[in-house]
Amino acid sequence: MSNQSTENRSPRPISPTKRSHAVLRTTHLKEMIEWYKTVLNAEVLFQNEILAFMTCDEEHHRIALAAFPGLVEKPKHSAGLDHLAFFYPTHGDWIATYERLKATGIKPRVSIHHGLTMSLYYRDPDDNGVELSIDNVERSKWHDWMRNSMKDNPIGAPMDPDELARKFHAGAPEQEIRRFSPSPGEIDPEVLRRMIE
């Protein structure tokens with residue numbers, strides 16, 4: 001907690017330094033706890049009959065689940081938050097997570113190579129989207145990529161995570177695993193359909 005004085009306030013806006021957590025309302029508290037424990041390898045730090053606070057890193061909580069009395073299930077295809085995204089530091093960690101989840105029966109609804117990232121999109125028991133991703137572009141080039149390359153294909157192309165895992169385990173160079181060559185400007189209708197289903 002900061003004890004810095006607010007007397008010398010800067011006139012410029014100050015951005016937050018990080019995203020802390022998400023709170024999800026749920027009508028399936030037990031199922032949601034188990035799903036996030038499995039998918040994120042999350043630990044429950046506090047739980048009672050209507051709340052659970054979970055973390056998967058040094059943060060006090062990354063996901064909180066709230067089963068407030070009177071909640072009703074949200075309609076499918078409703079407007080609002082589309083998904084939460086979690087990133088892995090290495091291709092090995094990302095592929096190992098995909099394989100671990102697949103072995104438990106948890107499979108991505110859609111797998112997309114965005115160019116900037118490769119992403120696996122899952123749905124939790126309340127149908128919230130959860131993206132597990134790996135970066136493909138050096139951090140110093142992220143903003144440049146978004147400004148100048150995103151327009152070529154703003155959604156990306158379908159990818160086969162099993163094929164990526166085979167290449168990874170066969171010792172393929174990282175450049176081959178990261179290769180991205182969708183047709184510029186073409187949005188694959190199947191990818192779009194599966195993203196919103």
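Residues numbered from 1 in each chain as written. Predicted model: local features only at pLDDT ≥ 70, side-chain atom pairs only at ≥ 80, totals over all residues. Heavy atoms only, no water.

S.K.: Explain the pairing of strand β8 (residues 129–135) here, please?
M.R.: As a general feature of sheets, a regular strand has side chains that alternate between the two faces. Buried residues dominate β8, accounting for six of its seven residues. Sheet analysis places strand β5 (residues 83–88) next to β8, joined by six bridges and oriented parallel. Bridging across to β8, Ala85 finds its partner in Glu131. Note that strand β7 (residues 117–123) and β8 share seven bridges and pair antiparallel. Looking at the pairing, Met118 lines up with Ile134 of β8. Hairpin connection between β7 and β8: a loop of five residues separates the two successive antiparallel strands, and Asp127 in this loop has a positive phi of roughly 75 degrees. (Buried < 20%, exposed > 50% of the residue type's maximum accessible area, 1.4 Å probe, protein only. Helix = DSSP H or I, 4+ residues; strand = E, 2+ residues; numbered from the N terminus. Pairing = 2+ DSSP bridges.)

S.K.: How should I be thinking about the environment of Ala66 in this particular structure?
M.R.: Turning to its location among the elements, Ala66 is positioned in strand β4 (residues 63–66). Look at Ala66 and you get buried, because its relative accessible area is 1%. In this view, Ala66 contacts Val23, Leu24, Arg25, Thr26, Ile50, Leu51 and Leu71; residues no more than four positions away in its chain are not counted. (Contact = heavy atoms within 4.5 Å.)

S.K.: Please explain the sheet that holds β8 as it appears in this structure.
M.R.: What holds strands together in a sheet is hydrogen bonding between their backbones, with the strands either parallel or antiparallel. Sheet architecture is open: five strands sit in the order β5-β8-β7-β6-β9, paired in mixed fashion. Both outer strands of the open sheet, β5 and β9 (157–158), are each paired with one neighbouring strand and no more.

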